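Read off the chains here:
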Amino acid sequence: MAISVMPKHDLVKSFAKLPEAVEIPDLIEVQLSSFRWFQEEGFRELLEEISPIQDHTNTRLDLHFVDYEFREPQHSVAECLERGMTYSSPLYITVQLVVKETGEIKQQELFLSDFPLMTNKGTFIISGTERVVVNQLTRFPGVYFTLERDPTSGRELAFAKLVAEHGAWLNFETSSRDVISVKVRGKRKIAVTTLLRAMGFDSDDTLFALFQDADDSPDHAFIRSTIERDPLVRNKATALADVYRKLSSGEAPSLDSARSLLNNFLFNPRRYSLGRVGRYKLNKKLGLNIPWDYTGLTPEDLVQIVRRIILINNDREVPDDIDHLGNRRAQAVGFLIQKQLRIGLLRLERAIKERMSILGPELATPAALINIRPVVAAIREFFGRSQLSQF
C-alpha cells in the first residue's frame with residue numbers, strides 16, 4: 001500500500017491504483033490575477049475613457065485624470081473581521097484642471113474612495129463579513145444570427161442581435177414581407193435602408209450595389225422591399241430626420257442634432273463600445289479588417305451584418321448556435337468591478353459638467369468640481385447588493 005507525505009498533514013494512506021499525475025492547480029489564482037489586472041490596468045482604462053471632461057461649451061475648462069494610487073490598507077484582515085470593518089485601500093487620484101482662456105493648470109491629489117481589497121484567499125471583507133464575487137457566464141460581445149419560424153407564413157426568417165460591451169444593443173428582424181428592420185435599444189423599428197442612408201449610402205442605386213451579390217433570389221428582393229417600406233425616405237437628410245424621430249420621439253431641431261444623436265448612439269466609442277474582444281469576434285465572423293483597438297461601430301459593420309442576414313434568408317449561410325460555449329465567456333471579478341465602476345464614473349462625469357457650468361474659471365478647482373458620492377455609491381452597491389457578491 002503506497003504511503004505519501006502531504007504538506008500540512010501527517011501520513012496519508014493512498015488507495016489509488018495510479019500514481020498522482022497532475023498537480024492540483026491554484027484554484028483561486030483566477031480571482032487574484034483578475035483583481036490585480038483591475039488595479040493595474042482596468043481602472044486606468046476607465047479613467048482614459050472619460051478623460052478629459054469638458055464643459056458643455058467645450059471652450060472653458062478641461063479636467064484630466066492623470067494618475068491614481070491604491071495606498072496601503074489602514075487595518076489588517078484579522079482586525080476588520082474582529083471589529084466589523086471593511087478591508088479596504090484608500091484610492092487617490094491626481095487631477096489636472098486646465099483653464100483654456102489663460103492656459104493655467106491646477107493640479108491636485110484627491111481622495112476618491114475606500115476601495116475594498118481582495119485577501120490572499122480571493123475574498124473580500126465587507127463590514128466584518130467575508131464575501132466572494134463569483135464569476136459570471138455571459139455572451140461575448142459581437143453579432144449573433146438566428147432563424148425563427150414566422151407564425152403566419154411558416155417561413156424561416158433570419159434575425160440578428162448585435163451585443164455591445166456597453167451601449168445600445170441592436171436587434172435586426174426580417175418580416176414575412178421581406179422587410180429588414182432594426183431596433184436600437186428596443187425602441188421603434190427603423191428600416192435598415194433608412195439607417196444606411198443616414199450613414200451616407202443615400203441613393204437607391206448605392207444600396208442596390210452594396211448587396212447585389214447577396215440579394216439575388218428570384219423569389220425575394222429584400223433591399224427593394226425594405227426601400228418600398230419607407231417611400232418618403234429617399235436621401236440622407238430625410239433618413240436622419242426619420243432616425244431622430246424614432247429614437248427620441250420628436251422632430252429634429254436641425255440636421256446637426258439628428259446627426260449628433262445617431263453618432264452618440266452608435267459611433268461614439270465613449271458611449272458605444274464593442275470592446276476589444278467584441279471587435280475581434282466581429283472582424284472574424286464578418287471577414288472585416290478593422291483595427292482591433294477601434295471598439296466603436298463602423299458603417300461597414302452594419303453593411304456586412306445586413307448582407308449576412310440576406311444570405312441566411314436565401315439559405316446561402318447558416319445561423320449561429322447561441323448556446324455554444326464558444327460564444328460565451330466567464331467574466332471574473334476584475335471585469336465585473338470595472339463594469340460597475342464605469343456606471344459610477346459616468347455619473348461623476350455628468351456631475352462635473354454641471355458644476356463646470358456653475359463655477360467660473362477663477363473659482364473652479366479639481367476639489368470643487370469632483371463629488372465622490374456617485375463612485376462610492378457604485379462600489380457600495382456592487383459589494384453590498386449585487387447578486388454576484390455572496391457570503
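Let me sum up the structure you'll find in this document. (Residues numbered from 1 in each chain as written. Predicted model: local features only at pLDDT ≥ 70, side-chain atom pairs only at ≥ 80, totals over all residues. Heavy atoms only, no water.)

### With respect to helix H8 (residues 275–286)
The line we're drawing: Each helix is a run of DSSP H or I of at least 4 residues and each strand a run of E of at least 2, with the numbering of both proceeding from the N terminus. In a helix, the anticipated span is given by 1.5 Å times the number of residues less one. Using a 1.4 Å probe on the protein chains alone, a residue whose accessible area is under 20% of its type maximum counts as buried, one over 50% counts as exposed, and one in between counts as partly exposed. The directions from the helix axis to the C-beta atoms are what the arc is built from. Contact between two residues is taken to exist if any of their heavy atoms lie within 4.5 Å; hydrogens are not considered.
In this model, H8 (12 residues) spans 16 Å end to end at C-alpha, consistent with the 16 Å of a helix rising 1.5 Å per residue. Residues of H8 that are buried: Gly 275, Gly 278, Arg 279, Leu 282, Asn 283 and Leu 286. Down the axis of H8, the buried set is contained in an arc of 130 degrees. They therefore lie on one face. For H8, the exposed residues lying more than 90 degrees away from the buried face are Arg 276 and Lys 284. At its buried positions, H8 is contacted by strand S10 (142–149), strand S11 (156–163) and helix H9 (299–313). Of the residues trailing H8, Gly 287 is marked for its positive phi of about 70 degrees.

### Details of the packing of helix H1 (residues 29–50) against helix H10 (residues 333–358)
The criterion, for reference: Every axis corresponds to a line fitted to the C-alpha atoms, with the helix fit spanning only the stretch in contact, and the corresponding angles, defined between N-to-C directions, vary from 0 to 180 degrees. Should an angle fall under 35 degrees it is taken as roughly parallel, and over 145 as roughly antiparallel, whereas 65 to 115 is taken as roughly perpendicular and any remaining angle as oblique. Should the near helix be turned anticlockwise from the far one by less than a right angle, the crossing is left-handed, and should it be turned clockwise, the crossing is right-handed. Amino acids outside the nonpolar list (Ala, Val, Leu, Ile, Met, Phe, Trp, Tyr, Cys, Pro) and the charged list (Asp, Glu, Lys, Arg) are all regarded as polar, and Gly is one of them.
For the pair H1 and H10, interaxial distance at closest approach is 9 Å and the crossing angle is 25 degrees. With respect to each other, H1 and H10 are oriented roughly parallel. Crossing of H1 over H10 shows right-handed handedness. Touching Gln 31, Ser 34, Phe 35, Trp 37, Phe 38, Gly 42, Phe 43, Glu 45, Leu 46, Leu 47, Glu 49 and Ile 50 of H1 are Val 333, Gly 334, Phe 335, Ile 337, Gln 338, Leu 341, Arg 342, Leu 345, Leu 346 and Glu 349, all from H10. Here the contact of H1 with H10 is built from residues that sort into 13 nonpolar, 5 polar and 4 charged.

### Thoughts on unusual backbone geometry
Residues Ser 51 and Pro 52 are joined by a peptide bond in cis, for which omega reads 0 degrees. With respect to the helices, strands and loops of the structure, Pro 52 is situated in the loop between H1 and strand S3 (53–54). The phi angle at Ser 127 is positive, at roughly 55 degrees, despite the residue not being glycine. On the secondary structure map, Ser 127 appears in the loop between strand S7 (124–126) and strand S8 (129–133).

### A look at the pattern of salt bridges
The test is simple: Salt bridge, as applied in this entry: a Lys or Arg side-chain nitrogen positioned within 4 Å of an Asp or Glu carboxyl oxygen.
Applying the stated rule across the entire model yields 22 salt bridges. Between Asp 67 and Arg 44 there is a salt bridge, and its shortest N-O distance comes to 3.7 Å. With Asp 67 in strand S4 (residues 61–70) and Arg 44 in helix H1, the pair connects residues that are 23 residues apart, well separated along the chain. Note on Asp 67: relative accessible area 35%, which makes it partly exposed. Exposure remark for Arg 44: the relative accessible area of 34% places this residue in the partly exposed category. A salt bridge links Lys 246 to Asp 242, with the shortest nitrogen-to-oxygen separation between them at 3.4 Å. Here Asp 242 and Lys 246 lie together in helix H6 (residues 236–248), a separation of 4 residues that amounts to about one turn. What makes Asp 242 buried here is its relative accessible area of 5%.

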